[in-house]
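Geometric and topological summary
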Amino acid sequence: MSFTYRLLRVDLSRGETWVDEIPGDVLRRFIGGRGLGAYLAMKEIPKGADPFGPENVVYILTGPLTGVTVMSGRYHVVAKSPKTGILGDSNSGGHFGPWLRFAGFDGIAIHGKSDTPVYLWINDGKVEIRDASKLWGKTVSATEDALRREHGLKEGYGSVLTIGPAGENLALTAAIMNDKWRAAGRTGLAAVLGAKKLKAIVAYGKKRPPIADRKTFAEENRRLTKIFLEGPTSKSLHEYGTAVLVNIINSLGGFSSYYWEEGIFDDAYEISGEKLAETYLVDRVGCWGCTIRCARVSKVPTGAFKVPRSEGPEYESIWALGALTGTSDIAAVVKLNYLANDLGFDTISLGNSLAFAVYLAKKGLIPEGHLEPYDLRWGNAESLVELMYRAAVKADPLAAAVADGVPALAEAYNAEDYAVHVRNLELPAYDPRALKSMALSYATSNRGGCHLRSYTVAAEALGIPKKMDPLEVSEEKVDLAIWMQDWFSVIDSLVICKFVAFDTTPDDWVKIVNAITGWDATTEELLTTGARIYNLERLFAVREGKWVKDYLPKRLLEEPIPRGPAKGHTAKDAIEKMLPAYWEKRGWVEGRPKRETLLKLGLDEFADLGA
């Protein structure tokens, strides 16, 4: 038995569905998830395609490990991004990925666009395109509740993927949501579903993914489960969630606040994972197959920021909606996070956008007529709540710009010199002026400003895989960035949780990959596959003639951190010294893969795009 892949294709323009089986040689070269999505996008999305047009394809994909092993409750989404104009992709946890496989399909390709709102009902290998007119305009939680009632699915049975009002109104900061609180954020792919008028997908079934060697699989799954139950990083994540990082990153001077004016936040503890545990934390939950259970369940029972029981906030959301906006009230951060999820926003991009709006208002760059009815001040969460609601429906010029993100605000108010983004994607919660490896990670990220292409900060903040000085600029950090980019490409293609990178190595996963797929892969082959995927993603940008050369925004190169452990530092030295070395080691010419590099990686069919 060898790994097979059933791809459900849905043409919303014609109202038709069919199934393709992905050839085995393609799977061996790109695996599934992110890798398969990049390959299919290069083959099937035409050059110059309008991201909101019917020719754009949205791939919602699992991998061979999804819904099978420990730590495998995830799925990956790939399409041409309306936010960046290049290949966009995102990853989400929860339960949708496994339930899609249990429903009989390994992935979905959404073609065309519907004239009216629709949703997909996928049940044990059967597919229906159903009317969603009554769901259009509803929040994420209301949509899921309505669809569960419609199909008689109790909590814990099946999974619902949906977009909120933000996605419906084509907000470029919109996120695809599943299981109410889980987000495939970044790159605005929910807006692509909004343009296609696809409101939701409901998946349920009783099928189980095939396993080639059940004996070896059982042995390896037990071994990996034990590692995650006992691993020090896993235990810490269970106790305080991802927000355990708040005080750690703040102590290093890399916890940006007041829209990148500072590298520290004086009230960091007040919005930390520790503070959340003391106040509004009511439970800890995990994705399908998870032993860590890092997700927070919070509830604010009374007051101006009253919030029902819901998941979050995570570290990135706490930073973007808290420190970056100058908000130090943990109840307010919980409320902002809840609304972002329910309206269907990506909290990183939206938080940056809200904070940038406050920053521009303080500088007097937003006309008075655009500031009504808002009172934009640092830490004024009540006004941010109002702005978020209005951004979801693009109710006024400022709200519309906020909904589309920092680049849209910069264009609307002539403020590009103050904007912080890479390839139109807002940066996450690690200031590269204080954490120098992240300067390289952000600059070379294929999807724009992102920490999940290469989480090198793990070495600088946590000592994983080894402790590195955050302010050091070195060739060793270049090697680490490349290695992580390749390994993370594999993780996103298998598809498993990136937290496996903390307590395991690629060697730990080879046997279970082979046991499930029937392959005879080696660690070296998997990492080569990761490099192949990373180079292929870059070729999408080359083909589109956009965002090929790597860079960081002006403020991070020229504006030093004013105080704290990284006082006086910019990211300029990191880029000047590490980026040329990165290109050389990658076999790239100023961000573009060389033809010989592509041939070496087995990307012969795309070699003409090489430098």
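Preceding this paragraph is the structure being described.
Values in this document were obtained by computation on a predicted structure and should not be read as measured data.

Turning next to the overall build of the chain. What the chain contains, in helices and strands, is 26 helices and 19 strands. Rg of the C-alpha trace for the chain: 22 Å, near the compact-globule value of 25 Å for 611 residues, within the 12% margin. Each principal axis of the C-alpha distribution contributes one length, and for the chain these read about 65 × 55 × 50 Å. Within the chain, residue pairs in contact and separated by at least 24 positions form 70% of the contacts whose partners lie at least 6 positions apart. As presented, the chain carries roughly 20200 Å² of accessible surface, and 49% of it is formed by carbon and sulfur atoms.

Take the side chain of S72 next. By secondary structure assignment, the location of S72 is in the loop between β3 (58-61) and β4 (75-80). From its side chain, S72 meets the backbone nitrogen of G67 in a polar contact 3.1 Å long. Within the local environment of S72, its side chain forms a polar contact with the backbone oxygen of T69, the two atoms lying 2.6 Å apart. Not counting the four nearest positions on each side in its chain, S72 is found in contact with L65, T66, G67, P98, W288, V495 and I496.

Right, let's talk about the pairing of strand β8 (residues 126-131) for a bit. Bridging between strand β7 (residues 118-123) and β8 involves six bridges; their strand directions are antiparallel. When the sheet's bridge partners are listed, V118 is paired in β8 with D131. Between the end of β7 and the start of β8, which pair antiparallel, lie two residues, with D124 showing a positive phi angle near 50 degrees.

So, on to the side chain of E168. Within the element layout of this structure, E168 appears in helix α5 (residues 165-168). In terms of polar contacts, E168 uses its side chain to reach the backbone amide nitrogen of G137, at 2.8 Å. Ignoring anything within four residues of it in the chain, the contact list for E168 reads L135, W136, G137, K138, I163, G194 and K199.

Before going further, it helps to examine the packing of aromatic side chains. Applying the stated criterion across every chain, the model contains 25 aromatic pairs. Ring centres of W260 and W319 lie 5.6 Å apart, and the angle between their planes is 75 degrees; on these two criteria the pair is classed as edge-to-face. Highlighted residues: W260 in the loop between α9 (245-251) and α10 (273-279) and W319 in helix α11 (residues 315-321), separated in sequence by 59 residues. Of the residues examined, W260 reaches a relative accessible area of 0% and is grouped as buried. With a centroid separation of 6.0 Å and an interplanar angle of 65 degrees, the aromatic rings of Y455 and F502 are classed as edge-to-face. Highlighted residues: Y455 in the loop between α18 (436-443) and α19 (457-462) and F502 in helix α21 (residues 500-503), separated in sequence by 47 residues. Three or more aromatic residues joined by ring pairs form one cluster here, namely F255, Y315, Y430, Y455, F499 and F502. Residue placement shows R208 over the ring face of F102; its charged tip is 3.9 Å from the ring centre.

In the contact formed by helix α2 (residues 33-44) and helix α20 (residues 475-494), the axes pass within 4 Å of each other and the chain directions differ by 90 degrees. Between α2 and α20, the angle falls in the class roughly perpendicular. Note on element contacts: α20 touches α2 through F488, S489, D492 and S493, opposite G33, R34 and G35. A breakdown of the residues in the contact of α2 with α20 according to their chemical character gives one nonpolar, four polar and two charged.

It is worth spelling out helix α8 (residues 232-240) at this point. For α8, the full list of buried residues reads T233, S234 and L237. The buried residues of α8 occupy an angular sector of 100 degrees when the element is viewed end-on, so they sit on one face. Within α8, the exposed residues directed more than 90 degrees away from the buried face are P232 and K235. For α8, the secondary structure elements touched by its buried residues are α7 (214-230), β14 (295-300) and α21. Of the residues flanking the end of α8, it is G241, one or two places downstream, whose phi is positive at about 70 degrees.

Trans peptide bonds make up the majority, and among non-glycine residues the majority have a negative phi. Between G312 and the following residue, P313, the backbone shows a cis peptide bond with an omega angle of 0 degrees. Despite not being glycine, D179 has its phi angle at roughly 50 degrees, a positive value. The phi angle at Y259 is positive, at roughly 45 degrees, despite the residue not being glycine. Assignment of secondary structure puts Y259 in the loop between α9 and α10.

Pairing of β14 with strand β15 (residues 307-311), which is carried by three bridges, proceeds in the antiparallel orientation. Following the sheet pairing, V300 is matched in β15 by V307. In sequence, β14 turns back onto β15 through a hairpin of six residues, with G303 there showing a positive phi of about 95 degrees.

Here the focus is the packing of α2 against helix α23 (residues 523-544). Two packed helices can be described by the angle between their axes and the distance between those axes. It is at 9 Å that the axes of α2 and α23 come closest, and there the two elements cross at 30 degrees. As the angle between them shows, α2 and α23 are arranged roughly parallel. Crossing of α2 over α23 shows left-handed handedness. Of the residues in α23, those in contact with R34, G35, A38, Y39, A41 and M42 of α2 are I533, Y534, L536, E537, L539, F540 and R543. When its residues are assigned to classes, the contact of α2 with α23 shows nine nonpolar, one polar and three charged.

Conventions adopted
Residue numbers here run from 1 along each chain, matching the order of that chain's written sequence. Given that this is a predicted model, residues contribute local features only at a pLDDT of at least 70 and side-chain atom pairs are listed and counted only at 80 or more, while totals for whole chains, interfaces and linings are drawn from all residues. As a rule here, side-chain values come from all non-hydrogen atoms in the structure, and water together with hydrogens is ignored. Every helix listed is a DSSP run of H or I at least four residues long, and every strand listed is a run of E at least two residues long, numbered separately from the N terminus. For this measure, only C-alpha atoms enter the radius of gyration; the expected value for a globule follows 2.2 Å times N^0.38, where N is the number of residues. By the convention used here, residues are in contact when the closest approach between their heavy atoms is within 4.5 Å. Surface accessibility in these figures is a Shrake-Rupley result with a 1.4 Å probe; residues are shielded only by whichever protein chains are displayed. Polar contact criterion, stated in full: a pair of N or O atoms within 3.5 Å, where within protein one must be able to donate a hydrogen and the other to accept it, and residues adjacent in sequence count only if both atoms are side-chain atoms. Two strands pair under a simple rule: DSSP has to find at least two bridges between them. Aromatic rings from Phe, Tyr and Trp, with only the six-membered ring used for Trp, were paired whenever their centres fell within 6.5 Å, and each pair was classed as stacked if the ring planes differed by under 30 degrees, edge-to-face if by over 60, and tilted otherwise. Per-residue accessibility, obtained with a 1.4 Å probe over protein chains only, is compared with the maximum for each type, and a residue is labelled buried under 20%, exposed over 50%, and partly exposed between these values. Only lysine NZ and arginine CZ atoms are considered, and such an atom sits over a ring when it is within 6 Å of the ring centre and within 35 degrees of the ring normal. Axes, fitted as lines to C-alpha atoms, cover a helix only where it is in contact. Angles between the N-to-C directions of the axes lie from 0 to 180 degrees. By definition in this entry, angles of less than 35 degrees are roughly parallel, angles greater than 145 are roughly antiparallel, angles of 65 to 115 are roughly perpendicular, and the rest are oblique. Gly is put with the polar residues, along with every residue not named as nonpolar or charged; the nonpolar set is Ala, Val, Leu, Ile, Met, Phe, Trp, Tyr, Cys and Pro, and the charged set is Asp, Glu, Lys and Arg. In this context, the arc is that of the directions from the helix axis out to the C-beta atoms. We call a crossing left-handed when the near helix sits turned anticlockwise from the far one by less than a right angle, and right-handed when that turn is clockwise.

Purely spatial values, then, with no claim about function.
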